[in-house]
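Residues per chain, in single letters:
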Amino acid sequence: MLHRSLQSCRDRPVEIMNILASSPEERRSDRTAEANAPYNSVMAIEEPSILQHYMRIALRWRWIIIGATIAVMALGLVVTLLMTPQYTAASTIEILRESDQVTSFEGVERETSVADQEFYQTQYGLLRARTLAERVATELNLIDDPEFFEMFGAAEEGEEAFQINNGRFPAQGRAQRQRVAGEVLLDHVSIEPTRLSRLVDIRFTSPDPAFSASVANAWAENFIESNLERKLQSTSYGRDALQRQLTDYKQRLDESQRQLVTYASNQEIINLPATSEGAQERPIVADNLAALNSALSEAIADRIAAESRFRQAGSAGSTAAALGNTAINNLRQRRAELAADYQQLMVRFEPGYPAAQAIQQQIDALDSAITREESRVSGSVQAEYRQAVQRESALEMRVNSLKDEYLDLRRRSIQYNIFEQEVDTNQALYDGLLQRFEEIGIAGGVGVNNIAIVDLADVPQIPSSPRLVLNLLIALLGGMLLGVAIALGLEQLDESIGDPTELQRRLGLPLLGSVPKVADETPMEALLDRKSELVDAYLAVQTNLGFTTEHGIPRAFSVTSTRPGEGKSTTALALATILSRQGRKVILIDGDMRSPSVHQLAGVDHDRGLSNFLTGEDALESLIFKMEDLGVDAMTAGPIPPNAAELLTGNRLSLLVDRLLVTYDHVVVDSPPVLGLADAPLIGSQLDGVIYAVESHGIRSTQVKTALGRLVSARVKVFGGIVTKFDARKAHFGYDYDYGYGYGRDAKTESA
């Protein structure tokens, strides 16, 4: 709201200066007059909308816009016709999504949509790779082809690599030419994926249609080859890495096995192999301990039996024992049992086995005893008892010794088991890596390609550019934009008053009316024709002028302008004529004593007039003449004085007006222009006010503001402004006048 208020104050400088320059009584009078004057509401001007504003600008500068559009279209046509035709060839390939999991050892893949997007974006980037472009250039032998570099203007002047000798490039600049050729191909190739599909178009553009097709096809084929090479290279990298890991783990396995064997040898750990699947190795000490423990149990049993017989023999007497057959039978029975035990041991062990030897010794002892008993016919129960005790003691000592050996073996087997577990772990890792190595070798040998050519590029028959219709449409749009930009710039630079509405919007000056430009007749002839548009326009001005004061039309006023030639004299004559035709008695005074014009309109000389009265002559009758055609009395400027401003500084002009108002209803003064002269402010200050004439499209608004400022500084009241020489055809959109409604229309128009 504050900005809008400041803007309105800025757009109305004359009104503000009038208010500041006036006295409090005058401002109160002006406020009363404004409150009672209905012309303010009549002359209120509605601000145009943004669309209307720009439409007005477009219509005002339409020829500029049309001219700029035509010029740009002509330029576009010429440029299009001068452009070298370009041909675009396209080959289509299909890129299938391949799995990231090569073997069963790979981890879980990421989300499919994200992986797909990354995969295809990677493929598109590979299609635009510099290495692929250089590979195509090498395959097509473009590096050593001067016509290729000349076709695209890529040969760098002054570079040794592009110096042609005997129609060939030098060999030492091949690397640089390869780089430049790759850049040229990349600049003219486009990769266009088909939306929502796996298809990709490879397009290449050049002035040669056959060359475009060959490059597009070579691009697709080399991309497939490079893809296969990357896969083989990736498989080779994987095999090499696994080979290194296999070698490392093989060394670890061998080292751990050697460590296990060395420790077992140093610690004398002997394990028997497993006899069944799933069973573990067992130490030989355990088997010996089990066998001797069993023999000890038997020896204990024999000793108990011998002890029992010994005690019985001791109680029953030796003779009975010696003479009885029981001992011999027992010895034989014992021998049979030992023989059975021995045969049982022979099934599992060799004859040198200690337990077997012990049993054999017992058998031999029994045989000796039996022999002795048989030979001596009697035996000694006591000897049998002692033998049983000795045997038990020997077995018990051996079992205790084996127990100590077994416990020591268990202690020494702890580290042995650690080494054995390390061997098993290294063996499992080695086997796993070996299996993966074999799988990668199989996958690399298969060599499946996920990229295929769908359509090879054909040689284009029609150039892809330049496109005449498209270029003309672009030129049309560009020309219109250029024309609009020029129109907006000219609009900003243009300070002339184009529309009557701008009089109040730019200058803050109330609009009394607009006067059309008279082209086919003189202003005098137009005033004499009461049906002319000029008369209708000044009738409207007279009507609005009646609302400027409390008592209606001002009785004494002058008509001025910023500079000569704006129509102020015609306006003064016309207002005087219109007022006279309303039955009022009016006198027109030519106040422009420097360049008088009223006498020319009336067809008389200016030997006597205003300057005579201002110099002291009081005979008014001799200074006034009658304009019979218009019904107006007039006073010429009189002889041109050397000091017109000095004549106006006195009170003679006020005295003249007072004397004329006794006889006349209205005194109209044709005042000199404001800029450069002091006459207009001096005349206006001695009258009721001033009517300001502004030429349409003829004067800058800044000049008008300066002139109005001079009037305000002289405390001259400005009733309003009149736009003169107005041409409705040059007016902005939305503003048009139809002067002389019903006048001058032909019968066909009237009938319509």
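Above: the structure in question.
Residues numbered from 1 in each chain as written. Predicted model: local features only at pLDDT ≥ 70, side-chain atom pairs only at ≥ 80, totals over all residues. Heavy atoms only, no water.

A. Here's a closer look at the overall build of the protein chain. In terms of helices and strands, the protein chain carries 28 helices and 14 strands. Put simply, the protein chain has 752 residues, and 39% of those count as buried. Relative to all contacts within the protein chain whose residues are 6 or more apart in sequence, the contacts with residues 24 or more apart total 78%. If you sum the accessible surface of the protein chain, you get close to 41300 Å²; carbon and sulfur atoms cover 53% of it. (Helix = DSSP H or I, 4+ residues; strand = E, 2+ residues; numbered from the N terminus. Buried < 20%, exposed > 50% of the residue type's maximum accessible area, 1.4 Å probe, protein only. Contact = heavy atoms within 4.5 Å. Areas by Shrake-Rupley, 256 points an atom, 1.4 Å probe, with all protein chains shown as cover.)

B. Focus on the packing of aromatic side chains. Evaluation of the coordinates by the stated rule reveals eight aromatic pairs. Residues F119 and Y120 carry aromatic rings whose centres are separated by 5.1 Å and whose planes lie at 75 degrees to one another, so their mutual orientation is edge-to-face. Grouping residues by exposure puts F119 and Y120 together as buried. An angle of 50 degrees between the planes, with centres 5.8 Å apart, marks the rings of F148 and F211 as tilted. Taken together, the residues F148 in helix α9 (residues 146-152) and F211 in helix α11 (residues 209-266) connect sequence positions 63 residues apart. In terms of burial, F148 and F211 fall into one category: buried. Following the ring pairs from residue to residue traces out a cluster consisting of F148, F149, F152, F204 and F211. Cation over ring: R652 sits above F613, and NZ or CZ is 4.2 Å from the ring centre. (Phe/Tyr/Trp six-rings, centres within 6.5 Å; stacked < 30°, edge-to-face > 60°. Lys NZ or Arg CZ within 6 Å of the ring centre and 35° of its normal.)

C. Inspection of the nonpolar core at higher detail. Residues I93, L127, F148, L185 and W219 are the most contacted members of the largest nonpolar core, which totals 36 residues. Among the elements of the structure, β1 (87-95), α7 (112-127), α8 (130-139), α9, α10 (174-188), β2 (189-193), β3 (199-206) and α11 are those that each provide at least two residues to this core. Sort the elements by how many residues they give to this core and α11 lands first, with seven residues. Apart from the residues lying within four places of it in its own chain, the contact partners of W219 are L127, L132, A133, V136, L185, L186, V189, I191 and I202. In this structure, M524, A537, V632 and A634 belong to the second largest nonpolar core, which totals 33 residues. (Core = buried A, V, L, I, M, F, W, Y, C linked by side-chain atoms within 4.5 Å.)

D. Region of interest: the pattern of salt bridges. Per the stated rule, a full pass over the model turns up 19 salt bridges. We note a salt bridge from R563 to E695, for which the minimum N-O separation is 3.4 Å. Taken as a pair, R563 in the loop between β8 (556-561) and α21 (568-581) and E695 in strand β13 (residues 689-695) lie far apart in primary sequence, 132 residues in all. What makes R563 partly exposed here is its relative accessible area of 28%. E695 sits in the buried class, given a relative accessible area of 14%. One salt bridge in this structure joins K568 and D670, with 3.2 Å as the shortest N-O distance. Taken together, the positions of K568 in helix α21 and D670 in strand β12 (residues 666-670) put the pair 102 residues apart, joining distant regions of the chain. (Salt bridge = Lys/Arg side-chain N within 4 Å of Asp/Glu carboxyl O.)

E. Structural view of the environment of G182. Considering the arrangement of structural elements, one finds G182 in helix α10. Take G182: its relative accessible area is 0%, and that puts it in the buried class. Taking the C-alpha atoms as reference, G182 lies 4.7 Å from A133; in sequence the two are 49 residues apart.

F. Looking closely at the sheet that holds strand β11 (residues 632-635). Reading across the sheet, the eight strands line up as β7-β14-β13-β8-β12-β9-β11-β10 and stay open at both edges, with mixed pairing between neighbours. For this open sheet the edge positions go to β7 (511-516) and β10 (624-627), each flanked by a neighbour on one side alone. The average undirected angle you get between the axes of adjacent strands in this sheet is 25 degrees. Sheet topology places β13 next to strand β14 (residues 718-726); six bridges connect them, and they run parallel. Residue I691 lies in a different strand from β14, and its bridge partner there is G720. Packing of helix α20 (residues 533-545) onto the sheet brings it into contact with β7, β8, β13 and β14, and relative to β7 it is tilted by some 175 degrees. The strands touched by helix α25 (residues 652-663) are β8, β9 (586-590), β10, β11 and β12; relative to β9, the strand with the most contacts, the crossing angle is about 160 degrees. (Pairing = 2+ DSSP bridges. Axes fitted to C-alpha atoms, helices over the stretch in contact; angles between N-to-C directions.)

G. Seen up close, the sheet that holds strand β6 (residues 451-455). The sheet built from four strands is open, its strands ordered β2-β3-β1-β6 with antiparallel pairing. One side of each edge strand has no neighbouring strand; the edge strands of this open sheet are β2 and β6. Neighbour-to-neighbour, the strand axes of this sheet turn through a mean angle of 30 degrees, independent of strand direction. The pairing of β1 with β6 spans four bridges and is classified as antiparallel. Bridge pairing in β6 links E94 to A452. Running at roughly 45 degrees to β2, α10 makes contact with β2 and β3 of the sheet.

H. Highlighting the side chain of T562. By the element assignment, T562 lies in the loop between β8 and α21. For T562, a relative accessible area of 0% gives the class buried. Of note is the side chain of T562, whose polar atom sits 2.6 Å from the side chain of Y692. Ignoring any residue separated from it by four or fewer positions in sequence, one finds T562 in contact with P673, V674, L675, Y692, A693, I699, Q703, V704 and A707. (Polar contact = N/O pair within 3.5 Å; in protein donor to acceptor, adjacent residues only side chain to side chain.)

I. How the structure looks around the pairing of β7. For β7, the buried fraction is high: six of the six residues fall into the buried class. By the bridge criterion, four bridges tie β7 to β14 in an arrangement that is parallel. Counted as the bridge partner of P516 is F726 from β14.

Shape is all these values report; function is a separate question.
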